[in-house]
Amino acid sequence: MAAYRALVGVTRCGDPNDFETVLEATGEVLDLIGGIRSIVSAGDIVLIKPNVGFKKNHLTGATTNINVVKALSTIIKGVGARKIIIAEGAIVGTSTRDTFQANGYYDIAGELGVELLDLKTAEMVAVPVPCGKAFHRLHVPRAILEADVVVNVPVMKTHDALPVTLGLKNMKGIIREQDKKRFHKWGLSQAIVDLNKVAYPDLTVLDGTIGMEGLGPAHGEPANLGVMLASTDTVAADAIGSLVMGIDPGEVEYIGLADAQGLGCGDPDEINVAGVPVSEVARKVKRHTLDFSDLIAKDIHVYESGSCSGCRHFMETFISNLERTGELGLLVGNTIVFGQTASMPQRGEIRGKLILVGRCVKDVAAAARSGQPAPEVIYIPGCPPHGQDVKAMLKPR
Ligand code: SF4
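Each value, and the rule that gives it
- Residues numbered from 1 in each chain as written.
- Predicted model: local features only at pLDDT ≥ 70, side-chain atom pairs only at ≥ 80, totals over all residues.
- Heavy atoms only, no water.
- Core = buried A, V, L, I, M, F, W, Y, C linked by side-chain atoms within 4.5 Å.
- Buried < 20%, exposed > 50% of the residue type's maximum accessible area, 1.4 Å probe, protein only.
- Contact = heavy atoms within 4.5 Å.
- Helix = DSSP H or I, 4+ residues; strand = E, 2+ residues; numbered from the N terminus.
- Polar contact = N/O pair within 3.5 Å; in protein donor to acceptor, adjacent residues only side chain to side chain.
- Axes fitted to C-alpha atoms, helices over the stretch in contact; angles between N-to-C directions.
- Parallel < 35°, antiparallel > 145°, perpendicular 65-115°, else oblique.
- Left-handed = near helix turned anticlockwise from the far one by under 90°.
- Nonpolar A, V, L, I, M, F, W, Y, C, P; charged D, E, K, R; others polar.
- Near = heavy atom within 4 Å.
- Patch = residues over 30% accessible without salt bridge, like charges linked within 9 Å, V, L, I, M, F, W, Y side chains within 5 Å.
- Areas by Shrake-Rupley, 256 points an atom, 1.4 Å probe, with all protein chains shown as cover.
- Salt bridge = Lys/Arg side-chain N within 4 Å of Asp/Glu carboxyl O.
- Lys, Arg positive; Asp, Glu negative; His and termini not counted.
- Charge placed at Lys NZ, Arg CZ, Asp CG, Glu CD.

Student: So what exactly am I meant to see when it comes to the nonpolar core here?
Tutor: Generally speaking, a soluble globular protein has its nonpolar side chains buried in company with each other. With 59 residues, the main nonpolar core has Leu138, Met156, Ile174, Leu229 and Tyr254 as its most contacted residues. When near neighbours in sequence (up to four residues on either side) are disregarded, Leu138 contacts Val125, Ala126, Val127, Val129, Ile175, Asp179, Phe183, Leu195 and Val198. Core analysis: the second largest hydrophobic core is formed by 36 residues, Val40, Val153, Leu203 and Ala230 among them.

Student: Where do I start with helix H9 (residues 234-244) in this structure?
Tutor: In an α-helix, one turn spans 3.6 residues, which is why side chains three or four residues apart end up on the same side. The element H9 is extensively covered by neighbouring structure, given that 10 of its 11 residues are classed as buried. What H9 keeps buried is the set Thr234, Val235, Ala236, Ala237, Asp238, Ala239, Ile240, Gly241, Ser242 and Val244. For H9, the side-chain oxygen to backbone nitrogen distance between the N-cap and Val235 is 3.1 Å, and the N-cap itself is Asp233. Trailing H9 by a residue or two, Gly246 shows a phi angle of about 75°, which is positive.

Student: Please explain the packing of helix H8 (residues 188-198) against helix H10 (residues 253-260) as it appears in this structure.
Tutor: Packed helix pairs are specified by the crossing angle of their axes together with the interaxial distance, meaning the distance between the axes. In the contact formed by H8 and H10, the axes pass within 9 Å of each other and the chain directions differ by 45°. Of the possible angle classes, the one that applies to H8 and H10 is oblique. Between H8 and H10 lies a crossing whose hand is right-handed. Between H8 and H10, the residues in contact are Ser189, Gln190, Ile192 and Val193 and Glu253, Tyr254, Leu257 and Ala258, respectively. When grouped by side-chain class, the residues that make up the contact of H8 with H10 number five nonpolar, two polar and one charged.

Student: Before we go on, may I ask you to explain the site of the ligand in this structure?
Tutor: Surveying the vicinity of the ligand reveals the residues Lys181, Ser307, Cys308, Cys311, Gln340, Gly358, Arg359, Cys360, Gly382, Cys383 and Pro384. A breakdown of the residues in the shell around the ligand according to their chemical character gives five nonpolar, four polar and two charged.

Student: Can you walk me through the packing of helix H1 (residues 19-32) against helix H2 (residues 66-79) in this structure?
Tutor: The geometry of H1 relative to H2 is characterised by a closest axis approach of 9 Å and an angle of 60° between their N-to-C directions. As far as their axial angle goes, H2 and H1 are oblique. You can see that H1 and H2 cross each other, and the crossing is right-handed. Along its contact with H1, which presents Phe19, Val22, Leu23, Thr26, Gly27 and Leu30, the element H2 presents Asn67, Val68, Lys70, Ala71, Leu72, Thr74 and Ile75.

Student: Teacher, can you tell me more about a negative patch on the surface here?
Tutor: On the surface, a cluster of negative charge is contributed by Asp15, Asp18, Glu20, Glu24, Glu28 and Asp31. Mapped onto the elements, Glu28 comes out in helix H1.

Student: Please explain the environment of Val244 as it appears in this structure.
Tutor: Tracing the sequence through the fold places Val244 in helix H9. Assessed through its relative accessible area of 0%, Val244 is described here as buried. In this structure the C-alpha to C-alpha distance between Val244 and Ala282, which are 38 residues apart in sequence, comes to 4.0 Å. Excluding anything up to four places from it in sequence, Val244 contacts Met156, Val227, Leu229, Val278, Val281, Ala282 and Arg283.

Student: Hey, could you run me through the pattern of salt bridges in this one?
Tutor: Oppositely charged side chains can form a pair if their charged atoms are brought close together. A complete count under the given rule lists 18 salt bridges for this structure. The closest approach of N and O atoms between Asp160 and Arg312, which form a salt bridge, is 2.4 Å. Here Arg312 lies in helix H12 (residues 309-324) and Asp160 lies in the loop between strand S8 (155-158) and strand S9 (164-165), a separation of 152 residues in the sequence. Considered together, Asp160 and Arg312 belong to a single accessibility category, that of buried residues. Across the salt bridge formed by Lys197 and Asp194, the nearest N and O atoms sit 2.8 Å from each other. Taken together, the residues Lys197 and Asp194, both in helix H8 and three residues apart, mark about one turn of the helix. Here Lys197 matches Asp194 in class, with each residue buried. Through salt bridges with shared partners, one network takes in Glu123, Arg142 and Glu146.

Pasting the structure below:
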C-alpha cells in the first residue's frame, strides 16, 4: 500500500479585486485537493477564520483578501452548509469591530447571509492540550469546538519573529487576549504548535492573492504573489507556502515543531503538489529587516525582550511614522525598553532619556526613578500603549 503523502493545491489568481476571478481561483484550488464536498457536507456549521487582525484592508497585504472569504462562503453555501460563521479576534489592543469594519465585513455579512463573530467577546472553554509542551490547558472559543468544519484563511506574510506567518500561526487569532500576550513568554513557535493540537483546522486556504513582504505582519508592502494554496494538512500548506515565498521551511521553527509532534507533514519532499508547480510561482519576498537592535547604528538603544505583537506593532508604527515625518531625532541618543521580560539596563548602558514602553515595564520605570542619579524617565503606559500623543511626551520641555 502506498504511504500517505500530504497534498497541497497551488493555483494562480489574476486580479485580486475582481470577485469572479477570485471565485474561480478558489474553486480551482479546492478542486485540486478533492473539492469542497470532500470537506463540507450539507447541514454543516462552518467556521471561517480569516486574518482580520489589523485595521488595514487587504490591499495593504496585512489582512486576508475579503474576496477570498466571500468566494469561500459562496462555495460552502453552495454545498448546503447550515450556518457559516466568520470569526476573528484582532491583535492585542485593537478592537475586532474596527478591523471587521475596516475590511468591509459588515457590508458583506448580510449579502452572504453569514454571521460575524468577535472572538474577543465570544464564550471560551478551557480544554486540555494533549502532549502540550508550552502549556497543558488553553481557553478556546466554544464556536470553534462546536463547528463541524473549521476553515483557516490566512494571508501569506513575512513576520518579524517567525519569519513567515501562514496557517498554523493564523489560529492564534482565536485565543484570549491575555493568552496572546503569554504566547510570547511561553515561546511563540511551540505555543503555536500546542494551540493547533486543540484547534487544528479542517481546511487551510493560504491567501497569496496579494500578501505582504518586508516589514510584515503589519508594516510591509503588498507582495502581489498572485497565488492561492489549499490543503487539509496545514503543516504541509505552510511548508509549501513558505517555499512559494522563497523561504526555506526549515527556517520556520513552528513548521518543524509541528511536523515532529505529528500535526502534519512539513517536509516538502514528502508533499504532493497539485496544480501549478511551485517553481513557477515562487519568488524571494523581501524579508523583514527591522531588527530593533539594528537601531543602535542610528544611536537609538533598544532593550526589548519577550514583547508581544501589541507593543511590537506600536513600536514599529511609531518608528516608521517618525522616519516618514523626519522626526526620528526624537529617539536619537536615547534608550528604549519594552517587552514582558525586559529588565532595567545597567546604569552605564542608559544613554540619554530612558523611554519605557508599555505596562510590562512599569516596575522598571519605578526602579529607574528611584535610582541615583535618576535618568530622565518617560513612561508610556498602556497594554499596549494606545492613543497617547507620544511625540509630545518625547519633545524637550
Ligand atoms: S505591555 Fe506590551 S509587551 Fe507587555 S503584555 Fe502589554 S502589549 Fe505585551
